[in-house]
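As a plain string of letters, each chain reads:
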Amino acid sequence: MRKQVLSTSISVGLATGLYGVSFGAIGVASGLDVLPVMLLSLLMFSGASQFAFVGVVAAGGAPITAISSAWLMGIRNSFYALRLTSVIGPRGLLRLLTAQLTIDESNAVSAAQGESRMQKLGFWATGVAVFIFWNSATLIGALAGNLMGSVEQWGLDAAAAAAFLGLLWPRIRQNWQLALLGAGIAIATTPFLPAGVPILLAAVVALVPFRGAK
Amino acid sequence: MITTVILASLAVYSWKLLGYLVPQRFITDSFRGFSERVTVALLAALVAIQGLTTDGEIEFDARLAALAVAAVLLALRAPYILVVIAGAAAAAGLRMLGL
């Protein structure tokens, strides 16, 4: 049981690592230096928020748009934290570390376990594995990004799109109308609005109540 | 740019920490539902922007095929890492063929 949780954690860490190479390469391709790209992975440590941030920067958006896109993208971590409070029960300063490791992957692996001891192990093992792989991969991607030519040639832009689709997939069945609408609005307004704003606009459609939406 | 990165990181961190500080009874089901919808809408928008636009223009290229490959693999319950690799490989392969 323990072994199984640890092996899941490591394989999730490896998968995120791959997409971390994409992030590093896309980060430098968007015009950032290696240091800010690394700081995003170390400090922000939330893939979708980081991609949203560099996406806005790449398209020449304003800093406030980059910050708010990343911020809005991070809302869901708060809900993972709410769930994890009862599982991990962190006290004092440990809360600060627990909070930093609270991401899609650590919550998902933890939630997939039955016993509460394994839920706890799943959170920590996945959180730490993803942190290590994600940051080393970002560094590799950022350093190699300058050397290996275009991000497009290696399909790394497509890897990032596929990775988002993978995160969206388990949620799409219940909310497919909303997903289509969000994607449609983002695409349709992209030619007319400053970078990052279409993503924020897609968030606004989440306010619209849907029949059957949960 | 470093300042912007740090501010944005603090903004994202504030959500993570908030969840550990707020007493659970303050979180209503409707707020939970709203958060799920925001996530879905944002992820869908990111898929669309990352997959179908370039520099503020709509562009259908090898990424569209990569997304189709990823969707098929996801429907077949393939592991996440395989989905990401296949997406990259599909786009890289098509571009190598000059498509």
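Residues numbered from 1 in each chain as written. Chains lettered and ligands numbered in written order. Predicted model: local features only at pLDDT ≥ 70, side-chain atom pairs only at ≥ 80, totals over all residues.

A. Here's a closer look at the overall build of chain A. When you go through chain A residue by residue, the secondary structure sums to 11 helices and 0 strands. Across chain A, helices and strands are ordered from the amino to the carboxyl terminus as α-α-α-α-α-α-α-α-α-α-α. Taking 214 residues into account, the globule formula puts the C-alpha radius of gyration at 17 Å, and chain A, at 18 Å, falls close to it. Each principal axis of the C-alpha atoms in chain A carries an extent, and together these give about 50 × 50 × 30 Å. Residues counted as buried form 57% of the 214 residues belonging to chain A. Long-range pairs, those at least 24 residues apart, make up 73% of the contacts in chain A with a sequence separation of at least 6. (Helix = DSSP H or I, 4+ residues; strand = E, 2+ residues; numbered from the N terminus. Rg over C-alpha atoms; globule rule 2.2 N^0.38 Å. Buried ≥ 20, exposed ≤ 12 C-beta atoms within 10 Å, placed from the backbone. Contact = placed C-beta atoms within 7 Å.)

B. Molecular detail of the interface of chain B and chain A. Tallying the contact residues gives 64 residues for chain B and 79 residues for chain A. Of all the elements, helix α2 (residues 29–52) of chain B adds the most residues to the side of chain B that touches chain A, at 21 residues. Grouping the constituent residues of the side of chain B that touches chain A by class yields 44 nonpolar, 12 polar and 8 charged. (Nonpolar A, V, L, I, M, F, W, Y, C, P; charged D, E, K, R; others polar.)

C. Seen up close, helix α3 (residues 62–75) of chain B. Taking 1.5 Å per residue, 14 residues should reach 20 Å; α3 of chain B reaches 20 Å between its end C-alpha atoms and fits that length. Those residues of α3 of chain B that fall on the buried side of the exposure criterion are A62, R63, A66, L67, V69, A70 and L73 of chain B. Down the axis of α3 of chain B, the sector holding all buried residues measures 160 degrees, keeping them to one side. Exposed and facing more than 90 degrees away from the buried side of α3 of chain B are A68, V72 and A75 of chain B. On its buried side, α3 of chain B packs onto α9 (156–172) of chain A together with α2 and α4 (80–96) of chain B. Phi for R77 of chain B, located one or two positions after α3 of chain B, is positive at around 60 degrees. (Expected span 1.5 Å × (residues − 1). Arc of directions from axis to C-beta.)

D. Highlighting the packing of helix α5 (residues 75–88) of chain A against helix α8 (residues 116–147) of chain A. All names here are of chain A. In the contact formed by α5 and α8, the axes pass within 9 Å of each other and the chain directions differ by 125 degrees. With respect to α8, the axis of α5 lies oblique. In terms of crossing hand, the pair formed by α5 and α8 is left-handed. The residues of α8 that touch α5, namely those facing L84, V87 and I88, are S116, Q119, K120 and F123. Class assignment for the residues of the contact of α5 with α8 results in 4 nonpolar, 2 polar and 1 charged. (Axes fitted to C-alpha atoms, helices over the stretch in contact; angles between N-to-C directions. Parallel < 35°, antiparallel > 145°, perpendicular 65-115°, else oblique. Left-handed = near helix turned anticlockwise from the far one by under 90°.)

E. Focus on the packing of α9 of chain A against α3 of chain B. Their axes nearest at 9 Å, the elements α9 of chain A and α3 of chain B cross at an angle of 35 degrees. Pair α9 of chain A / α3 of chain B crosses with right-handed handedness. Residues D157, A158, A161, A162, L165, G166 and W169 of chain A of α9 of chain A pack against A62, R63, A66, L67, A70, A71 and L74 of chain B of α3 of chain B. For the contact of α9 of chain A with α3 of chain B, the residue count by class is 11 nonpolar, 1 polar and 2 charged.

F. Main features of helix α4 (residues 63–73) of chain A. Across the 11 residues that make up α4 of chain A, a large majority, 9, are buried. Along α4 of chain A, the residues that are buried comprise T65, A66, I67, S68, S69, A70, W71, L72 and M73 of chain A. Where the residues of α4 of chain A are buried, they touch α2 (34–44), α3 (47–58), α5 and α11 (197–205) of chain A together with α1 (2–21) and α2 of chain B.

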